[in-house]
Amino acid sequence: WISEVKPSPVVGARISGETLMWDRPVVDGKLNDSTHFVVYASDSDDAESVISDSENIIAVVYGNSLILEGALPSRTYITALNRVNNESAPVMVKVK
């Protein structure tokens, strides 16, 4: 049996200089069970369509930050994944 429970979305997503950063949410006094994160980039404001297209993925990271390099679309979206790869709702950060 594999759980279908999605992790909570990241919190505090922000850009500082060229670094995209976020925090793991705290749920019931414990860190969320997120193990890694997917970062998407797109000019679209339709988050669900952005994360449904793997061509929009720019990185999969195990930490809570990513240095943004080169020209990027106007929005980045971050999702959290748990150990069985259930994906959270996306959180958007404007790049420009």
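This text goes with the structure placed above it.
Residues numbered from 1 in each chain as written. Predicted model: local features only at pLDDT ≥ 70, side-chain atom pairs only at ≥ 80, totals over all residues. Heavy atoms only, no water.

Caption draft 1: Quick look at unusual backbone geometry. Of note, the phi angle at Asn85 is positive, near 65 degrees, even though the residue is not glycine. Looking at where Asn85 falls in the secondary structure, it is placed in the loop between β8 (75–81) and β9 (91–94). (Helix = DSSP H or I, 4+ residues; strand = E, 2+ residues; numbered from the N terminus.)

Caption draft 2: Structural context of the environment of Ser16. By secondary structure assignment, the location of Ser16 is in strand β1 (residues 11–16). Here Ser16 falls in the partly exposed class, since its relative accessible area comes to 43%. Between the C-alpha atom of Ser16 and that of Ile67, which follows or precedes it by 51 residues, the distance is 9.6 Å. (Buried < 20%, exposed > 50% of the residue type's maximum accessible area, 1.4 Å probe, protein only.)

Caption draft 3: Representation of the sheet that holds β9 within the structure. Spatial strand order, β6-β5-β8-β9: four strands in an open sheet with antiparallel pairing. Across the chains shown, the open sheet's two edge strands, defined by having one partner strand only, are β6 (57–61) and β9. Averaged over all neighbouring strand pairs, the angle between strand axes comes to 20 degrees, with direction disregarded. Inspection of the sheet shows strand β5 (residues 36–42) paired to β8 by seven bridges, in the antiparallel sense. Residue pairing across strands places Phe37 opposite Ala80, the latter belonging to β8. (Pairing = 2+ DSSP bridges. Axes fitted to C-alpha atoms, helices over the stretch in contact; angles between N-to-C directions.)

Caption draft 4: Highlighting the sheet that holds strand β7 (residues 65–67). The three strands lie next to each other as β1-β2-β7, forming an open sheet whose pairing is antiparallel. Where the open sheet ends on each side, the last strands, each with one partner, are β1 and β7. If you compare each strand with its neighbour and ignore which way they point, the axes differ by 10 degrees on average.

Treat this as a map of the structure, not an account of what it does.
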